[in-house]
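The lines below spell out each chain.
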Amino acid sequence: MGEALQAIVIVAATFATAALSAVAGFGGGVLLLPVFVAVLGSRDAVAVLTVAQLAGNGSRVWFNRTEIDRRLVGIFAIGAVPAAGAGALLFATAPLPALTRLIGVFLLVMVAWRRWKPHAARLDDKAFAVVGAASGFGSALVGSVGPMVAPFFLARGLVRGAYIGTEAASAVVMHLTKLVVFGAAAVLTATSATIGLALAPAGAAGAWAGKKIVDRLPAHIFVLVIEAGLIASGLLLAITGG
């Protein structure tokens, strides 16, 4: 594949997956990572993905800024920040495909659990901070764990803009932490940072397009879209390992 074609592929994939994430609140990173791995290699792919996701999530925060549950973001960050730092340090030496498959199985179980006990995923504040820690650690290792935390945000009664914005703000906290550690560990190079920043306009455009779609979705359809995305992401991760 020529360099020009590679550039077109990753820009188009970034736009499409950012739009998907803006509708479902997750899924973009899970689908974008295999594309980046094929073009950039596994280690650079996670670093570039982190920069690109920071831009996409930042855009979703801005577009939904009036509906964000800031208190919930703070609780999530208590666990996510130190765990994301620890996971990023581990990633610098040891990517773990087995963990990716485990997360995929977890997603499938969570969808079944939500259907069986729809209120069981509602956690108190301390348990929600633990969810933040698990997602921060996992995100540093496999690039994206948005689908893993979706059921817990949904259980707080967040839908549409409130869910999208709150989940995105929580992701921004994780990505910023990861980038600091990646930079210190020389995982984030000048080249990977430049590529990630170059993809920022495509990510922002995708987030804007997705926002226009989600504003028109009825709440019950919105939840079904998310659950369908959870199933698709779970199968993809479980089968391919990312």
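These figures come from a predicted structure and were not determined experimentally. Residue positions are given per chain, counting from 1 as you read along its sequence in written order. Note on the predicted model: pLDDT of at least 70 is required for a residue's local features to be given, and 80 or more for side-chain atom pairs to be given and counted; whole-chain, interface and lining totals, by contrast, use all residues. Calculated side-chain values reflect all of the structure's heavy atoms, with hydrogen atoms and water omitted.

Colleague: So what about the confidence of the model for the protein? Which residues, and what values?
Modeller: As a general rule, the predicted coordinates of low-pLDDT regions are not to be interpreted in detail. Per-residue confidence for the protein gives a mean pLDDT of 79, with 79% of residues at or over 70. Helix 5 (residues 97–116) is the least confidently modelled element of the protein, averaging 69 in pLDDT, while helix 4 (residues 70–91) averages 89, the highest of any element. Known as pLDDT, the predictor's per-residue confidence is scaled from 0 to 100. Labels follow the DSSP assignment, with helices taken as runs of H or I lasting at least four residues and strands as runs of E lasting at least two, numbered in each case from the N terminus.

Colleague: Before we move on, could you go through the environment of A185 and cite the residues and values that matter?
Modeller: Its place among the elements puts A185 in the loop between helix 8 (160–184) and helix 9 (190–198). Think of it in three bands: residues with accessible area under 20% of the maximum for their type are buried, residues over 50% are exposed, and the middle band is partly exposed, with areas taken using a 1.4 Å probe on protein chains only. Take A185: its relative accessible area is 32%, and that puts it in the partly exposed class. When the C-alpha positions of A185 and L89 are compared, they lie 7.2 Å apart, and in sequence the two are 96 residues distant.

Colleague: Outline the side chain of R156, supporting the account with residue identities and numerical values.
Modeller: The residue R156 is located in the loop between helix 7 (146–154) and helix 8 in this model. What makes R156 buried here is its relative accessible area of 18%. Separated by 3.2 Å, the side chains of R156 and D125 make a polar contact. Beyond its immediate chain neighbours, meaning those up to four positions away, R156 contacts R71, L72, R122, L123, D124, D125 and F128. Any N or O atom pair separated by 3.5 Å or less is treated as a polar contact, with the protein-specific requirement of one donor-capable and one acceptor-capable atom, and with residues adjacent in sequence counted only for side-chain atom pairs. The criterion used for residue contact is that any of the two residues' heavy atoms lie within 4.5 Å.

Colleague: Describe helix 4, with residues and values.
Modeller: For helix 4, spanning 22 residues, the distance from its first C-alpha to its last is 29 Å, which sits close to the expected 32 Å at 1.5 Å a residue. Bend angle per residue: angle between axes fitted to the 7 residues ending at that residue and the 7 residues starting there. Maximum bend of helix 4: about 40°, positioned at A77. Residue count minus one, scaled by 1.5 Å, sets the expected span of a helix.

Colleague: Report on the side chain of S192, specifying residues and quantitative values.
Modeller: Positionally, S192 belongs in helix 9. Polar side-chain contacts of S192 include one of 2.9 Å to the backbone nitrogen of T189. When residues no more than four places from it in sequence are discounted, the contact partners of S192 are A47, V48 and V187.

Colleague: Give a detailed account of helix 9, specifying residues and quantitative values.
Modeller: Burial in helix 9 covers these residues: S192, A193 and G196. With its buried residues spanning 100° around the axis, helix 9 presents them on a single face. The outward face of helix 9, more than 90 degrees from its buried face, is lined by the exposed residues A190, T191, T194 and A198. What the arc covers is the set of directions going from the helix axis to the C-beta atoms.

Colleague: So what's going on with the packing of aromatic side chains? Residues and values would help.
Modeller: Think of it this way: a Phe, Tyr or Trp ring, Trp meaning its six-membered ring, pairs with another when their centres are within 6.5 Å, and the plane angle makes it stacked under 30 degrees, edge-to-face over 60, tilted otherwise. In total, this model carries three aromatic pairs according to the counting rule given. With centroids separated by 5.2 Å and ring planes inclined at 90°, the aromatic side chains of F128 and F153 adopt a geometry described as edge-to-face. Taken together, the residues span a long stretch of sequence, with F128 in helix 6 (residues 125–142) and F153 in helix 7 at a distance of 25 residues. Assessed through its relative accessible area of 0%, F128 is described here as buried. Residue F153 is classed as buried on the basis of its relative accessible area of 0%. Connected via pairs of aromatic rings, a cluster forms that spans F76, F128 and F153. Geometrically, a lysine NZ or arginine CZ counts as sitting over a ring once it is within 6 Å of the ring centre and also within 35 degrees of the ring normal. Residue placement shows R65 over the ring face of W62; its charged tip is 3.8 Å from the ring centre. Above the ring of F128, the side-chain terminus of R156 is found at 5.0 Å from the ring centroid.

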